Structure formats: C-alpha cells, structure tokens
Amino acid sequence: MALGASATHANAIVNVLRGIDYTGIAGLYVKLHTGDPGAAGTANASAVTTRNQLTLAAPSGGSASLSALAAYNMTATETISHFSLWTSATTGTFIGSGQLAAAKGVNNGDTLTFNSFTASITPVAA
C-alpha cells in the first residue's frame, strides 16, 4: 500500500526544517480512485476524470477541515474507496493519497459529495 504524502511533497516539507523555502500550493484538487492510487497517485483511477478543488478552513491544533468541495457527477458504476490530492485540476503535482472511511458504491448518473474531510499533522505538542 502506498497511501500518504508523495515523496516530492514530503521532501519539500522536510526541507523547510533545513531553511529551504517552501513554495505554497495555489490550489488543492481531489481525484477519485477505486483502489490504492499508488506511489505516483495514478493507479486505480475512477472513470470520473474530473479533479474537484478542495477548500479547507483555517487550521487549528494541526488540523483543518473541509470548507468546500464540489460534487462529482459519476460516469460509471464503480466503488470509490480512495482519493489522491493534486496541485492542479488537470496536470500538476501529486501531493498525496488516502482511503475513505467507508467505500462508496455509485452508479452512472449518481452525484457523489464529500460531507467531511480533515487534513492533519499529528501529534501536536500540547
């Protein structure tokens, strides 16, 4: 299983600890998958080719929650179980991947909407 931060993104974050500037991400986009997206974020892609922009609320305690994410118009009958994060709606850089809390079976013509999403870095010293 290759879930988590991409090596490119992880290295960029660690470089901050070395005093090397990090160029922020202009946008964060979510791609749906029917299985583990793999180390490059491209395996097991959903038939839906759209990457929707994810907007997070301001962070607190090392976590930020979903503020907005557009619904997906499903174009095939499949089971969505994973996602990948990208810096662009079409090309861009793979940021990381994760698994949904529960896989969701969808049919062609369904609308799939995320009700929650949290990005976090833990543990945070208290």
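Report follows, based on the coordinates. (Residues numbered from 1 in each chain as written. Predicted model: local features only at pLDDT ≥ 70, side-chain atom pairs only at ≥ 80, totals over all residues. Heavy atoms only, no water.)

Time to look at the nonpolar core. In terms of nonpolar packing, the biggest core is built from 18 residues, with Leu 54, Tyr 72, Met 74 and Leu 85 touching the most fellow members. For this core, the secondary-structure elements that each account for two or more residues are strand E2 (28-33), strand E4 (63-69), strand E6 (78-86) and strand E7 (94-106). Once residues within four sequence positions are removed from consideration, Leu 54 is found in contact with Leu 28, Tyr 29, Val 30, Leu 66, Ala 68, Leu 69, Leu 85 and Phe 117. (Core = buried A, V, L, I, M, F, W, Y, C linked by side-chain atoms within 4.5 Å. Buried < 20%, exposed > 50% of the residue type's maximum accessible area, 1.4 Å probe, protein only. Helix = DSSP H or I, 4+ residues; strand = E, 2+ residues; numbered from the N terminus. Contact = heavy atoms within 4.5 Å.)

Moving on, we get to a nonpolar patch on the surface. A cluster of nonpolar side chains, namely Ile 13, Val 16, Tyr 22 and Ile 25, defines an oily patch on the protein surface of about 310 Å² accessible area. The residue Ile 13 is located in helix H1 (residues 7-17) in this model. On the accessibility criterion, Ile 13 (40% relative accessible area) is partly exposed. (Patch = residues over 30% accessible without salt bridge, like charges linked within 9 Å, V, L, I, M, F, W, Y side chains within 5 Å. Areas by Shrake-Rupley, 256 points an atom, 1.4 Å probe, with all protein chains shown as cover. Salt bridge = Lys/Arg side-chain N within 4 Å of Asp/Glu carboxyl O.)

On to the layout of surface pockets, then. Its boundaries defined by the atoms lining it, the largest pocket holds a volume of some 790 Å³. Taken together, 28 residues form the lining of the largest pocket, with His 9, Leu 56, Ala 119, Ser 120 and Ile 121 sitting closest to its centre. Mapped onto the lining of the largest pocket, the elements with two or more residues apiece are strand E1 (4-5), H1, strand E3 (52-56), E4, E6, E7 and strand E9 (118-120). Top element by residues in the lining of the largest pocket is E7. It accounts for four residues. When grouped by side-chain class, the residues that make up the lining of the largest pocket number 17 nonpolar, 11 polar and no charged. Of the pockets and cavities examined, the second largest pocket occupies roughly 320 Å³. In terms of lining, the second largest pocket is formed by 13 residues, of which the most central are Leu 100, Ala 101, Phe 114, Asn 115 and Ser 116. (1 Å grid on protein atoms, 1.4 Å probe; cavity = no way out; pocket = protein on both sides within 12 Å on 5 of 7 lines; lining within 4 Å. Points joined across faces, edges and corners; volume = space filled by probe spheres on them. Nonpolar A, V, L, I, M, F, W, Y, C, P; charged D, E, K, R; others polar.)

Here we come to the side chain of Glu 78. With respect to the helices and strands, the residue Glu 78 is situated in strand E6. No salt bridge forms around the buried Glu 78; measuring N to O, its nearest opposite-charge neighbour Lys 31 is 7.3 Å away. Residues in contact with Glu 78, not counting those within four places in the same chain, are Thr 34, Ser 46, Ala 47, Val 48, Lys 104, Gly 105 and Val 106. (Lys, Arg positive; Asp, Glu negative; His and termini not counted.)

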